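# Breakdown of the fold
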Amino acid sequence: MLLDAVHREVLSDPRTESRHAGAAAIPRAPAEPGQRGIAVTVRDLHKSFDGHTVIEGLNLFLPAGGFTAVVGRSGCGKSTLLRLILGLETPTGGRIDLDGTAGSPRRSEPPKRIMFQEPRLLPWARVVDNVAVGLSGHGTRAERRERAQAALVEVGLAEKAGQWPATLSGGQRQRVALARALVSRPGLLALDEPLGALDALTRIGMQDLIERIWLAQGFTALLVTHDVAEAVALADRILVVDDGRIALDLWVDVPRPRRRGDPDLARLEGRILDHLLGGSETPA
Amino acid sequence: MPASKYERLRDAAIPWLLPAAILLGWQAAVSVGLVSNRFMPAPLDVARAGWEAGRTGELWTNLGVSTLRALAGFVVGGGIGFALGLANGLSRLSERLTDTSVQMVRNVPHLSLIPLVILWFGIGEEAKLFLVALGVIFPIYANTLHGIRSVDPGLVEMGRVYGMSRTELFTRVVLPGALPSIFVGLRYALGIMWLTLIVAETISASSGLGYMAMQAREFMLVDVVVLAILIYAGLGKLADALTRQLERACLAWNPAYRSA
């Protein structure tokens, strides 16, 4: 079955390969069907809650398979933007197209997934069954469990499959949540400050894990974070959102694997922080 | 390993030390004449009465009749309370429609309906079933509703985003989340179930444990009265133990319920 999957991937969709030209040093894991990024096009997006405008005329194109980070002060609308793209909120105005194929049959579409700030695991389901939640409505129970087990291997928690979530550490729970998000081979993975609650070392480990899996699977990643260093370490493009608009759009031209403390990254981080901190207050 | 076996035996015995001590003290108090046998028979006399009642089969018949009544009332009332709790927990409309009425009825002590119930049903089975069901409805209702309300909305949102159907969302997220609270309701309801039944049987019945105790009082058989009371204690403990087992099996994921 796996072999079959590899063939199909090789034969179809040449787009996925091209994105990885710059990252040839990292070996890619065998691919599976449905594994391609979704491109996101946002046109003149507006969103307001009870007359209070959060997003105001935002335009954005996220190419398939890219890793984009959205940073901004709290309350700048970055989480709302992510929830709008995921379809968790309805826009007040404007439109969002996924893959530019608004009329395509839904069935064949690779799913979009989100990782929340909290793991949001079902405490009454074993770890493997929690991961299988990511496959809701697909295949038989046995198939779901089998794929969930494979996803747990990917995040390095294979031996925890039969445990209750309550017995895991915070970092392990977030890895289970990552496995749940990835088990369905999503075309778009939205990360809503998923590492905010973890300690610094665990966070770095998780960042490396997310980067490795993203490189291997080629989904479109959209990371919302308030940690500029995290954005700079992971993303190849950073959007700074301010007052519901994109205030800064930067490409991170640093090759992977990136070393923490790299001077190029530090310079970039400084620039973004200056913008965020200085921003409106500094007199011209 | 004799040491661990001994320890396990000791652990199992600890909860029974107090009841055993009370029985011993009681027996001693009656034996030395501290308490009159006419008002408080000694445990041994009660045991003898129990043996006698068991031998004639009277005890078992009454016990069986009472248990059956209790369970029937519990199933009917518990079913209604659970269904109502689910409906009101899941639907705002249903809650707005029924909650006010439920709260009003809830505050009427259900045992105050006994005169009315005797008028309606006489002393037949329906009377007991009605009263037990009525008593059981509210703890189950209130705790089911509360359980569903307190399910983490983050989990529900997660289930939706991850493509769960409405049925899946209910069976995999909402119901398991409400279960700890539903169990609290279950234990309250079991207590109310026995209470209601015994009162109802004491006042209007021609069989059952309450009736047995009432008859015994008329003939001044104090030992049988005490026997009935001790049986209530045993039944209460039994119901509680069964619920605990069920809780431990259903809520094994919750660290609070893991082997006490």
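Here the structure is a predicted model, which means the values were calculated and not measured.

### What about the overall build of chain B?
- A tally of regular secondary structure across chain B gives 10 helices and 0 strands.
- What you see in chain B, going N to C, is helices and strands ordered as α-α-α-α-α-α-α-α-α-α.
- C-alpha atoms of chain B, sized along the principal axes, occupy 75 × 65 × 30 Å.
- Buried positions account for 32% of the 260 residues belonging to chain B.

### Remarks on the nonpolar core
- Formed by 120 residues in total, the largest nonpolar core has its most connected members in V70, V131, A179, L222, L223 and I238 of chain A.
- For this core, the leading source of residues is helix α6 (residues 125–149) of chain B, giving 15 residues.
- The contact partners of V131 of chain A, leaving out residues within four places of it in the chain, are A148, A151, L152, V176, A179, R180 and V183 of chain A.

### With respect to the interface of chain A and chain B
- Across the boundary between the two partners, chain A contributes 15 residues, which contact 15 residues of chain B.
- Class assignment for the residues of the side of chain A that touches chain B results in 10 nonpolar, 3 polar and 2 charged.

### Looking at the sheet that holds strand β8 (residues 237–242) of chain A
All names here are of chain A.
- Here we have 6 strands laid out as an open sheet, ordered β5-β6-β7-β3-β8-β9, and mixed in their pairing. Unpaired on one side and paired on the other, β5 (112–115) and β9 (245–251) mark the two borders of the sheet. Sheet twist, expressed as the average angle between the axes of neighbouring strands with direction ignored, equals 20°.
- Of the strands in this sheet, β3 (67–71), β8 and β9 touch helix α9 (residues 263–277), which is tilted by about 10° from β8.

### Here we look at the environment of L88 of chain A
- Along the polypeptide, L88 of chain A turns up in the loop between α3 (78–86) and β4 (93–98).
- Sequence separation between L88 of chain A and G51 of chain A is 37 residues; the distance between their C-alpha atoms is 19 Å.
- Excluding anything up to four places from it in sequence, L88 of chain A contacts R83 of chain A together with V161 of chain B.

### Quick word on the packing of helix α7 (residues 153–161) of chain B against helix α8 (residues 166–203) of chain B
All names here are of chain B.
- Between α7 and α8, whose axes approach to 10 Å, the crossing angle comes to 170°. Classed by the angle they form, the pair α7 and α8 counts as roughly antiparallel. Together, L155, V156, G159 and R160 of α7 and L169, R172, V173 and G177 of α8 make up the contact between the two elements.
- Partitioning the contact of α7 with α8 into residue classes produces 4 nonpolar, 2 polar and 2 charged.

### Comments concerning unusual backbone geometry
- Along the chain, R256 of chain A connects to P257 of chain A via a cis peptide bond; the corresponding omega equals -5°.
- Relative to the assigned elements, P257 of chain A resides in the loop between β9 and α9.
- One non-glycine residue, R185 of chain A, lies in the positive phi region at around 50°.
- Inspection of the secondary structure puts R185 of chain A in the loop between α6 (170–182) and β6 (188–192).
- The exposure class of R185 of chain A is buried, given the 22 C-beta atoms found within 10 Å.
- In the Ramachandran plot, M220 of chain B falls in the positive-phi region, its phi being about 60° despite a non-glycine side chain.
- Examined against the element boundaries, M220 of chain B turns out to sit in the loop between α9 (209–218) and α10 (222–250).

### Notes on the sheet that holds strand β1 (residues 40–49) of chain A
Residue and element names in this part refer to chain A.
- Within the open sheet, the 3 strands sit side by side as β2-β1-β4. Their pairing is antiparallel. Strands at the two margins of the open sheet, each flanked by one partner only, are β2 (52–62) and β4. Mean inter-strand twist for the sheet, computed between neighbouring axes without regard to direction, equals 20°.
- Relative to β4, β1 runs antiparallel, the two sharing 5 bridges.

### As for the confidence of the model for chain B
- Per-residue confidence for chain B averages 90 on the pLDDT scale, and 98% of its residues sit at or above 70.
- Quick note on the complex model: pTM equals 0.79, ipTM equals 0.79.

### As for the confidence of the model for chain A
All names here are of chain A.
- Looking at chain A as a whole, its pLDDT mean stands at 82, while 82% of the residues score no less than 70.
- Per-element confidence in chain A is highest for helix α4 (residues 127–132), whose mean pLDDT is 96, and lowest for helix α2 (residues 15–18), whose mean pLDDT is 38.
- Overall, residues 1–34 carries pLDDT values under 50, and its contacts beyond four positions in sequence, including any with other chains, amount to 29 contacts.
- Across residues 100–107, confidence stays below pLDDT 50; counting only partners more than four residues off in sequence or on other chains, it has 4 contacts.

### Considerations on the pairing of β8 of chain A
Residues and elements named next belong to chain A.
- Bridge count between β3 and β8: 4 bridges; the pairing is parallel. By the bridge assignment, V71 is partnered in β8 with V240.
- Relative to β9, β8 runs antiparallel, the two being bridged by 6 bridges. Bridged to D242 within β9 is R245.

### Re α8 of chain B
- For α8 of chain B, built from 38 residues, the straight-helix expectation of 56 Å at 1.5 Å per residue is missed by more than 12%, its first-to-last C-alpha distance being only 48 Å.
- The largest bend in α8 of chain B is about 45°, located at L179 of chain B, with the proline P180 of chain B one to four residues further on.

Thresholds, definitions, all that
- Residues numbered from 1 in each chain as written.
- Chains lettered and ligands numbered in written order.
- Predicted model: local features only at pLDDT ≥ 70, side-chain atom pairs only at ≥ 80, totals over all residues.
- Helix = DSSP H or I, 4+ residues; strand = E, 2+ residues; numbered from the N terminus.
- Buried ≥ 20, exposed ≤ 12 C-beta atoms within 10 Å, placed from the backbone.
- Core = buried A, V, L, I, M, F, W, Y, C linked by C-beta atoms within 7 Å.
- Contact = placed C-beta atoms within 7 Å.
- Nonpolar A, V, L, I, M, F, W, Y, C, P; charged D, E, K, R; others polar.
- Pairing = 2+ DSSP bridges.
- Axes fitted to C-alpha atoms, helices over the stretch in contact; angles between N-to-C directions.
- Parallel < 35°, antiparallel > 145°, perpendicular 65-115°, else oblique.
- pLDDT = per-residue confidence, 0-100.
- Expected span 1.5 Å × (residues − 1).
- Bend = angle between axes of the 7 residues up to and from the residue.

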